[in-house]
Amino acid sequence: MGSFFVLGNILLFPKLGAVQTVVLPILGQIIMGLSIDHFGLFHSPQTQVSAMRVLGALVVLAGIVVTLGMGRKSVTGDAEGAEVWLYRLIGVGVGMCSSVQAAVNGYLGTIAGSSLHAAEINLAVGAVLLLVAVLLTSPKQLTRKVQPGPWWMWLGGVVGAIFVIGGATLVPILGTATTVIAFNAGTIVGGQVMESVGAFGARKTPIDATRALGLAVIIAGVLAVRLL
């Protein structure tokens, strides 16, 4: 699941921009997070999903729709067609993978004895899976020299490890949905900040009233899912 999440973000970022790459997985995360809690999947504590929490998820969807109203400005050119919506659908799927990863790692942490050990296992499995994928698609990639670039391009693994360790630590304490929602609060703010200033190679897109409204609605829906 972690490998799919990483590959999905790498695929979506240049196609949709930072904000859409952040907000679209949120819908998948909430849907899957609520499902995991409601049905007690992956040995997670079973928590009844109320109608108000479902309403909160629908509010998140509404916020995403409003945010995507600026899609023609954030997606390359004015192209708005089937390909763009396919990438958006992939974004939702990537978010669902993220919730599954958090739930599985939470349980793995209890079996392995610590969240650090669970993260180690998770990242090792992901590394092997990606290596197999490279060998099957184009082994020459392994011999290709990495082009010079900014220092921060090496931070992805560090941030990914922090994400995995955090999920494995918090899920047994807070539950999958609450942990995912806590992550969402940070990703919404972080994605907007990155795109508004063009950080880390993101396409610079200043915030406008429509986007601000959409992000505010998303945050309100996320809080509703957690509190109601």
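Residues numbered from 1 in each chain as written. Predicted model: local features only at pLDDT ≥ 70, side-chain atom pairs only at ≥ 80, totals over all residues. Heavy atoms only, no water.

## Section: the environment of Met96
Where we set the bar: Note on conventions: DSSP H or I runs of at least 4 residues are helices, E runs of at least 2 residues are strands, and numbering of each starts at the N terminus. Three labels apply to residues, based on accessible area from a 1.4 Å probe with only protein chains included: buried if under 20% of the type maximum, exposed if over 50%, partly exposed otherwise in between. Should any heavy atoms of two residues lie within 4.5 Å, those residues are counted as being in contact.
If you trace the backbone, Met96 turns up in helix H4 (residues 82-112). Of the residues examined, Met96 reaches a relative accessible area of 29% and is grouped as partly exposed. Sequence separation between Met96 and Ile30 is 66 residues; the distance between their C-alpha atoms is 7.8 Å. Excluding residues within four positions of it along the chain, Met96 makes contact with Gly28, Gln29 and Met32.

## So, the nonpolar core
Burial of nonpolar side chains together is a common tendency in soluble globular proteins. The condition that has to hold: To qualify as a nonpolar core, a set must consist of buried Ala, Val, Leu, Ile, Met, Phe, Trp, Tyr and Cys residues joined through side-chain atoms within 4.5 Å.
Core analysis: the biggest nonpolar cluster contains 23 residues, and Ile26, Ile30, Val60, Ile64, Ile218 and Val222 have the highest contact counts within it. Mapped by element, the contributors of at least two residues to this core are helix H1 (2-39), helix H2 (51-67), H4, helix H7 (176-197) and helix H8 (209-227). Counting residues per element, this core draws most heavily on H1, at ten residues.

## Some remarks on the UniProt feature "transmembrane region" (unreviewed entry) in the protein chain
Basically, it comes down to this: UniProt positions are given in the numbering used here, feature names are shortened, and annotations may be inferred rather than shown by experiment.
Residues annotated in UniProt with the feature "transmembrane region" (unreviewed entry) correspond here to residues 12-34, 54-72, 84-104, 116-139 and 151-174. Annotated as 100% helix and 0% strand, the span residues 12-34 places its first and last C-alpha atoms 24 Å apart. A distance of 31 Å separates the end C-alpha atoms of residues 116-139, which is 92% helix and 0% strand.

## Here's the deal with the packing of helix H6 (residues 156-174) against H7
Defined as follows: To define axes, lines are fitted to C-alpha atoms, for helices over the stretch in contact only, and angles between the resulting N-to-C directions are given on a 0 to 180 degree scale. Every angle not falling under 35 degrees, over 145, or within 65 to 115 is termed oblique; those three ranges are roughly parallel, roughly antiparallel and roughly perpendicular. Put simply, a crossing is left-handed when the front helix is turned counterclockwise from the back one by less than a right angle, and right-handed when it is turned clockwise. Residues are grouped as follows: nonpolar covers Ala, Val, Leu, Ile, Met, Phe, Trp, Tyr, Cys and Pro; charged covers Asp, Glu, Lys and Arg; every other residue, Gly included, is treated as polar.
The geometry of H6 relative to H7 is characterised by a closest axis approach of 8 Å and an angle of 140 degrees between their N-to-C directions. Comparing the axis directions of H6 and H7 gives the class oblique. Here H6 runs over H7; the crossing is right-handed. For the pair H6 and H7, contact is made by Phe163, Gly166, Gly167, Leu170, Val171 and Leu174 and by Thr176, Thr178, Thr179 and Phe183, respectively. For the contact of H6 with H7, a count of residues per class yields five nonpolar, five polar and no charged.

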